[in-house]
Amino acid sequence: MHSIFVFFLVCAGKYAFTLQIQNLPCLTDESKKDLDDARKELKTVDNYLGKTVGTLENDVQKTLNNMKQKLVTMKSTVGKIMKKVETDLVVLKKDLKKGQWKKYQGHCYYYASLGAAWYKAERLCRDFGGYLVKIDNSSENEWVYSASKYKNYYYWIGLSDLIEGEWRWSIDQSLATFKAWQSGYGSKGHSSNCVAFKNNKSKWIDTNCKIGYLYICERNFC
Ligand SMILES: [Ca+2]
């Protein structure tokens, strides 16, 4: 009882009151089994968590790699589009700087050197302070054709029939009085609603508005 190596400890179901420290802890066989079982359970849970964390890490890494790849592709696509837009703008600016507005009877005409669908061409002409060319008579028609630089190409003009067969100029929505249809054109139906100069001719065709033709803008001042 006087020794510091003696320790009081009550073990369930036992009568021993004093034990040396090296014998601690004092457990019943039943308690030991419980502890062993619990340890095994914990080990199983630990293994399961380890595997789950591993799988999750793998999945997250795969998702991140996927996203990274998609972003790289997206960046490349956006880069290409930006480059195309920049090139188009440079060409447009060069054209405008070169003063490619040609004068005829107090009006000025711009001949695009890049193609666009009819509606885009119409918008671009407005951006340039004009409108998709309106041709009032045969003289103007012949001049507009003769002044075009690329005779082998088609050029949009400002005529369309949103109401089938009702040909109107985009600038003022007036009905066309003068028309210079190429033989067989002018009534090509619902999928041919925009008008262009035929290549190598001062004649017009009605065709699909989505085609990327060159175009001619007109403005009332120079
Ligand atoms: Ca039509």
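Everything numeric in this text was worked out from a predicted model, so none of it was measured. (Residues numbered from 1 in each chain as written. Predicted model: local features only at pLDDT ≥ 70, side-chain atom pairs only at ≥ 80, totals over all residues.)

1. Section: the overall build of the protein
On a plain count of helices and strands, the protein comes out with 3 helices and 10 strands. Starting at the N terminus and walking to the C terminus, you meet the elements of the protein as β-β-α-β-β-α-β-α-β-β-β-β-β. For the protein, the residues scored as buried account for 19% of the 222 residues in total. Sequence-distant contacts in the protein: of pairs separated by 6 or more residues, those separated by 24 or more amount to 57%. (Helix = DSSP H or I, 4+ residues; strand = E, 2+ residues; numbered from the N terminus. Buried ≥ 20, exposed ≤ 12 C-beta atoms within 10 Å, placed from the backbone. Contact = placed C-beta atoms within 7 Å.)

2. Here's the deal with unusual backbone geometry
In the Ramachandran plot, glutamine 105 falls in the positive-phi region, its phi being about 45° despite a non-glycine side chain. Mapped onto the fold, glutamine 105 is located in the loop between β3 (101-104) and β4 (107-111). Classification of glutamine 105 by C-beta neighbours within 10 Å gives exposed; the count is 8. One non-glycine residue, glutamine 173, lies in positive phi territory at about 60°. With respect to the helices, strands and loops of the structure, glutamine 173 is situated in the loop between β7 (168-169) and β8 (194-197).

3. Some points on the pairing of β8
Across the two faces of β8 the burial is the same, with Cys194 and Ala196 and Val195 and Phe197 all buried. Where strand β6 (residues 155-160) meets β8, 3 bridges bridge the pair, whose relative direction is antiparallel. For tyrosine 155, the partnering residue across the bridge sits in β8 and is phenylalanine 197. As consecutive antiparallel partners, β8 and strand β9 (residues 204-207) are separated by 6 residues, and within that stretch asparagine 200 has a phi angle of approximately 60°, a positive value. (Pairing = 2+ DSSP bridges.)

4. Regarding helix α3 (residues 138-146)
Within α3 the residues assigned to the buried category are Asn141, Val144 and Tyr145. Looking straight down α3, one finds that the buried residues subtend no more than 95° of arc, so they occupy a single side. Turned more than 90 degrees off the buried face of α3, the exposed positions are Ser139 and Ser146. Close packing links the buried residues of α3 with β4, β8 and β10 (214-219). (Arc of directions from axis to C-beta.)

5. With respect to the nonpolar core
Counting 33 residues, the largest nonpolar core has Tyr155, Trp156, Ile157, Ala196, Tyr215 and Ile216 as the members making the most contacts within it. Of all the elements in the fold, those that place two or more residues in this core are β4, α2 (118-127), α3, β6, β8 and β10. Apart from residues no more than four positions distant in its own chain, tryptophan 156 is found in contact with Trp118, Ala121, Leu132, Cys194, Ala196, Tyr213 and Tyr215. (Core = buried A, V, L, I, M, F, W, Y, C linked by C-beta atoms within 7 Å.)

6. Some thoughts on the environment of tyrosine 110
Position of tyrosine 110 relative to the elements: it lies in strand β4. On the basis of neighbour counts, which here come to 22 C-beta atoms within 10 Å, the residue tyrosine 110 falls in the buried class. Each C-alpha atom, one on tyrosine 110 and one on glutamate 218, is 6.3 Å from the other, the two residues being 108 residues apart in sequence. Residue contacts for tyrosine 110: discarding those within four places in its chain leaves Gln100, Trp101, Phe128, Gly130, Ile216 and Cys217.

7. Remarks on α2
Listed as buried for α2 are Trp118, Ala121, Glu122 and Cys125. Projected down its long axis, α2 carries its buried residues within an arc of 100°, all on one side. Glycine 129, located one to two residues past α2, shows a positive phi value of around 85°.

8. So, the environment of serine 138
With respect to the element layout, serine 138 can be found in helix α3. Judged by C-beta crowding, with 11 C-beta atoms within 10 Å, serine 138 ranks as exposed.

9. Considering the confidence of the model for the protein
Scored by pLDDT, the protein comes out at a mean of 86, with 84% of its residues at no less than 70. Low pLDDT, under 50, characterises residues 1-19; the predicted model gives this stretch 16 contacts beyond four residues in sequence or across chains. (pLDDT = per-residue confidence, 0-100.)

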